[in-house]
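One-letter residues, chain by chain:
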Amino acid sequence: MSRPLNVSQVSYRSLLVTYLRPQWRRTLIMAGLILAGIALQLLNPQILRIFIDTVTSGGGGGMNTLTWIGVAFIVVALAIQGVSIAATYYSENVAWTATNQMRADLVAHCLALDLSFHKERTAGELIEHVDGDVDTLSTFFSQSVIYLGGNFLLVLGIVVILLLQNWLLGAALALFVVIAMLILNRIRIYAVPRWTEARQQDAEFFGFLSEQLVGTEDVRANGATGYVMRRFYLLLAKWFPISRRATMAGYSMWITTLTVFALGNAMALALGGYLWSTHAISLGTVYLVFYYVNLLNDPLDQIRSQLQELQQAGAGIERVRQLLQTQPTMHDGTGKPLPEGALAVEFRKVTFGYGNDEPVLHDLNVHLQPGTVLGVLGRTGSGKTTLVRLLLRLYDVQQGEVRIGEVPVREATLRDLRQHIGMVTQDVQLFHATVRDNLTFFNRTIDDERILAVLADLGLLAWYTSLPNGLDTVLGSDGEGLSAGEAQLLAFTRVFLVNPGLVILDEASSRLDPATERLIECAVSKLLHGRTAIMIAHRLATVQRADEIMVLENGHIVEHGVRSDLAADADSRFAHLLQTGLEEVRA
């Protein structure tokens, strides 16, 4: 289960604590293997020094002693390789576990954000956040920090050993390491903003690409290919200099490291040769100094590489932090339960607008008794869809209150609220999954017998038996292989399986052919029986089932009353719409 992640947690140290603590055993094993590898790397040149000094001194036990020294060197070398393989295995395991958990936390955070957040961002941009930015943290979790610390320990061990051999050697090497680290750290600070900028441009590009690929059919059908390609090239042109600056910042660290290594080798040769010529150290110690300085090249190179990884991790962390700074304005209710059965619906002096725009709904007052069917009419932009969004609490009102079952929607939990409301729209969202999962929304507590009973009750068994694999038939995410009518039938079945007390129908039968529409007439009657319903209508025939009619215009209620009374009143807006509709049909 994912854990909530907040902005204050997003730092190098806190990320490590948050995601490595649950797998502390594997992390300790990984750290132990790294430390063992460091000890073995420090030991091997000592064996070679003994070998050289034994040969040059002409003493020590002859060939037998040299043979055992050689065997010890080979054993230690093989052990270094074995420890390295094991450390790599554990580090990758730790990294994937940590980053997968972080992806889950970010997805959960995005799903909890307001609908307005998702309206302002493309799917590709969010994918780049959840996958791309987190992917840059993989090495951070698996190697950058622990290996960085290990390499610093290796460097410290080399300095200490050389200090014990000769204070001048140790002091010179320590000074060299300090200067090198200061230079590399300075370059890293220079590079981080450029990597952050590059990651942001990545998200913008892939967001655009995702949006256009999803709309390929419309783009081609409407001749917009040229425009899309022009935008594509403009984004690439903008991306190139940003990527170049980030890449050059990375190369600057690489070039600096090469220069540092060259200076280190020159210093080791000069200083070692001088001390040997003065008989201050043995020939074996000269080799030891040269070997250690060359051994120092590897940890310094890795430190440079890991600092570069930390650059990218820093950019990823910064972008994750920015994402987590976006907090939902809506908070879950206190858990006041909604009653079972048909639900009353009430809007009390509700005023609502999206952002800082002009309000879409103005001082709305509506009260529906349980079991009432309300038909809502109005032109596009009159506020019909906004009513539905407020009932589902996809948005919160700025003024007034929305109540369902006499419970303010802000006091009910979002889970409870959406379990008591069923909605069928013209556009049915299908998933690349089985018919069973599409009907139950992946709720495995609903058994097959109940699903089949609902299909039978709706008269859909003939449709079910036509499926090649029954409930295990896999559907495409775009409903490939299904007609619009069949997709609508799935949506109706979903609502029956939930058994809500309030049903919202957004012209749910407008896309059905006459034969399929007749098939579900009985289903709609059963759906409305014993439930409160709101029918968003685009055709007058749809509201013939309604008990009450409400007409919206520019966010105001211009008429609300019993359908039969309004139809009989020649001066009512509804009667005028009926008359206009009949005239249009005759025409």
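Bear in mind that the values here come from a model prediction, so they are computed numbers and not experimental data.

Engineer: Explain the overall build of the protein chain here, please?
Structural biologist: Helix and strand content of the protein chain: 19 helices and twelve strands. For the protein chain, the proportion of its 587 residues judged to be buried stands at 47%. A sequence separation of at least 24 residues applies to 78% of the contacts in the protein chain between residues at least 6 apart. As presented, the protein chain carries roughly 29,500 Å² of accessible surface, and 59% of it is formed by carbon and sulfur atoms.

Engineer: What is the right way to read the confidence of the model for the protein chain from this model?
Structural biologist: Fine structural detail should not be taken from predicted coordinates in areas where pLDDT scores are low. Mean pLDDT over the protein chain: 78, with 84% of residues reaching 70 or higher. Ranking the helices and strands of the protein chain by mean pLDDT puts strand β1 (residues 345–352) first, with 92, and helix α19 (residues 573–586) last, with 64. Predicted confidence for residues 4–10 stays below pLDDT 50, and this span has 18 contacts to residues more than four positions away or in other chains. Here residues 582–587 is modelled with pLDDT under 50, and outside its nearest four sequence neighbours on either side it reaches zero contacts, counting other chains as well.

Engineer: Where do I start with the sheet that holds strand β4 (residues 399–404) in this structure?
Structural biologist: Each strand in a sheet pairs with another by means of backbone hydrogen bonds, the pair being arranged parallel or else antiparallel. Within the open sheet, the four strands sit side by side as β2-β1-β4-β5. Their pairing is antiparallel. Strands with a single pairing partner mark the edges of an open sheet, and in this sheet they are β2 (361–368) and β5 (407–408). Pairing of β1 with β4, which is carried by five bridges, proceeds in the antiparallel orientation. By the bridge assignment, E346 is partnered in β4 with R403.

Engineer: Mind showing me how you'd approach the side chain of D416 here?
Structural biologist: When you line up the elements, D416 lands in helix α12 (residues 414–419). It turns out D416 is buried and unbridged, and the closest side chain with the opposite charge, R415, is 7.8 Å from it. Within the local environment of D416, its side chain forms a polar contact with the backbone nitrogen of L338, the two atoms lying 3.1 Å apart. Ignoring any residue separated from it by four or fewer positions in sequence, one finds D416 in contact with K336, P337 and L338.

Engineer: Would you take a moment to explain unusual backbone geometry for this structure?
Structural biologist: Most peptide bonds take the trans form, and the phi angle of most residues other than glycine is negative. A positive phi angle, close to 50 degrees, is found at K349, a residue other than glycine. Residue K349 is classed as exposed on the basis of its relative accessible area, which comes to 56%. At E406, a residue that is not glycine, the phi angle is positive and equals roughly 65 degrees. Counting through the fold element by element, E406 comes out in the loop between β4 and β5.

Engineer: Just to check I follow, could you spell out the sheet that holds strand β6 (residues 421–424) for this structure?
Structural biologist: As summarised here, the arrangement of the six strands in space is β6-β9-β10-β3-β11-β12, forming an open sheet in which the pairing is mixed. Both edges of this open sheet fall to β6 and β12 (556–562), since each of them pairs with a single strand only. The average angle at which neighbouring strand axes cross in this sheet is 15 degrees, direction not considered. Here helix α11 (residues 384–391) sits on the sheet in contact with β3 (373–378), β6, β9 (502–506), β10 (532–536) and β11 (548–553), set at roughly 135 degrees to β3.

Engineer: Even after reading the chapter, I still don't get the nonpolar core, so can you show me in this structure?
Structural biologist: Most often, soluble globular proteins have nonpolar side chains that are buried together. Formed by 56 residues in total, the largest nonpolar core has its most connected members in I158, L173 and Y292. Secondary-structure elements contributing two or more residues to this core are α1 (12–20), α2 (24–57), α3 (62–112), α5 (123–135), α6 (138–165), α7 (167–214), α9 (225–277) and α10 (283–325). Tallying contributions element by element places α10 first for this core, with eleven residues. Ignoring sequence-local partners within four residues, the contact set of Y292 consists of L42, P45, Q46, I158, I161 and L162. Formed by 41 residues, the second largest nonpolar core is a distinct cluster that contains V373, F492, V503 and I549.

Engineer: Would you take a moment to explain the side chain of R531 for this structure?
Structural biologist: When you line up the elements, R531 lands in the loop between α17 (514–528) and β10. What makes R531 buried here is its relative accessible area of 9%. A polar contact of 2.4 Å, which involves the side chain of R531, links it to the side chain of N499. Only 2.8 Å separates the side chain of R531 from the backbone oxygen of P500, close enough to count as a polar contact. Setting aside its immediate chain neighbours within four residues, R531 contacts A342, G371, T372, N499, P500, G501, V503 and K526.

Engineer: Could you clarify how one ought to interpret the packing of aromatic side chains in this entry?
Structural biologist: Two numbers describe a pair of aromatic rings. These are the distance of the centres and the angle of the planes. Per the counting criterion, the structure on display carries five aromatic pairs. Seen in terms of ring centroids, Y354 and Y395 are 5.1 Å apart; in terms of plane orientation they differ by 85 degrees. Their pairing is edge-to-face. Taken as a pair, Y354 in the loop between β1 and β2 and Y395 in the loop between α11 and β4 lie far apart in primary sequence, 41 residues in all. Classification of Y395 as buried rests on a relative accessible area of 11%. Here the aromatic cluster, defined as three or more aromatic residues joined through ring pairs, consists of F352, Y354 and Y395. When the ring centre of F496 is taken as origin, the NZ or CZ atom of R531, which lies over that ring, is 5.7 Å away.

Engineer: Honestly, a nonpolar patch on the surface in this entry has me stumped. Any pointers?
Structural biologist: Together, L35, L153, L156, V160 and L164 make up an exposed nonpolar region whose accessible area comes to about 490 Å². With four residues, the single largest contributor to the nonpolar patch is α6.

Engineer: Got a minute to help me understand the environment of R245 in this structure?
Structural biologist: Tracing the backbone through its elements, the reader meets R245 in helix α9. For the pair R245 and W195, spaced 50 residues apart in sequence, the C-alpha separation works out to 8.4 Å. Residues within four places of R245 in sequence aside, it is in contact with R194 and E197.

Engineer: Honestly, the pairing of β12 in this entry has me stumped. Any pointers?
Structural biologist: In the case of a regular strand, side chains alternate between the two sheet surfaces. Direction of pairing for β11 relative to β12: antiparallel, over a ladder of six bridges. When the bridges of β12 are listed, I549 appears paired with G561. Adjacent in sequence and paired antiparallel, β11 and β12 are bridged by two residues, among which N554 carries a positive phi angle near 55 degrees.

Engineer: Looking at this model, I keep getting lost on the pattern of salt bridges. Mind explaining?
Structural biologist: Think of it this way: side chains of opposite charge can pair up when their charged atoms draw near. Enumeration over the complete set of coordinates arrives at eleven salt bridges. R444 serves as the salt-bridge partner of D437, at 3.2 Å between the closest nitrogen and oxygen. For R444, a relative accessible area of 63% corresponds to the exposed category. Residues R573 and E553 are paired through a salt bridge, measuring 2.8 Å at the closest nitrogen-oxygen approach. Here the residue R573 occupies a position in helix α19, and E553 occupies one in strand β11, the gap between them amounting to 20 residues. Residue R573 is classed as partly exposed on the basis of its relative accessible area of 33%. Classification of E553 as partly exposed rests on a relative accessible area of 28%.

Engineer: I keep staring at α11 and nothing clicks. Help me out?
Structural biologist: Three or four residues apart is the spacing at which side chains of an α-helix point the same way, because the helix has 3.6 residues per turn. Along α11, six of the eight residues are buried, which leaves the element largely enclosed by surrounding structure. Among all positions in α11, only K384, T386, L387, V388, L390 and L391 are buried.

What counts, and where the lines are drawn
Residues numbered from 1 in each chain as written. Predicted model: local features only at pLDDT ≥ 70, side-chain atom pairs only at ≥ 80, totals over all residues. Heavy atoms only, no water. Helix = DSSP H or I, 4+ residues; strand = E, 2+ residues; numbered from the N terminus. Buried < 20%, exposed > 50% of the residue type's maximum accessible area, 1.4 Å probe, protein only. Contact = heavy atoms within 4.5 Å. Areas by Shrake-Rupley, 256 points an atom, 1.4 Å probe, with all protein chains shown as cover. pLDDT = per-residue confidence, 0-100. Pairing = 2+ DSSP bridges. Lys, Arg positive; Asp, Glu negative; His and termini not counted. Salt bridge = Lys/Arg side-chain N within 4 Å of Asp/Glu carboxyl O. Polar contact = N/O pair within 3.5 Å; in protein donor to acceptor, adjacent residues only side chain to side chain. Axes fitted to C-alpha atoms, helices over the stretch in contact; angles between N-to-C directions. Core = buried A, V, L, I, M, F, W, Y, C linked by side-chain atoms within 4.5 Å. Phe/Tyr/Trp six-rings, centres within 6.5 Å; stacked < 30°, edge-to-face > 60°. Lys NZ or Arg CZ within 6 Å of the ring centre and 35° of its normal. Patch = residues over 30% accessible without salt bridge, like charges linked within 9 Å, V, L, I, M, F, W, Y side chains within 5 Å.

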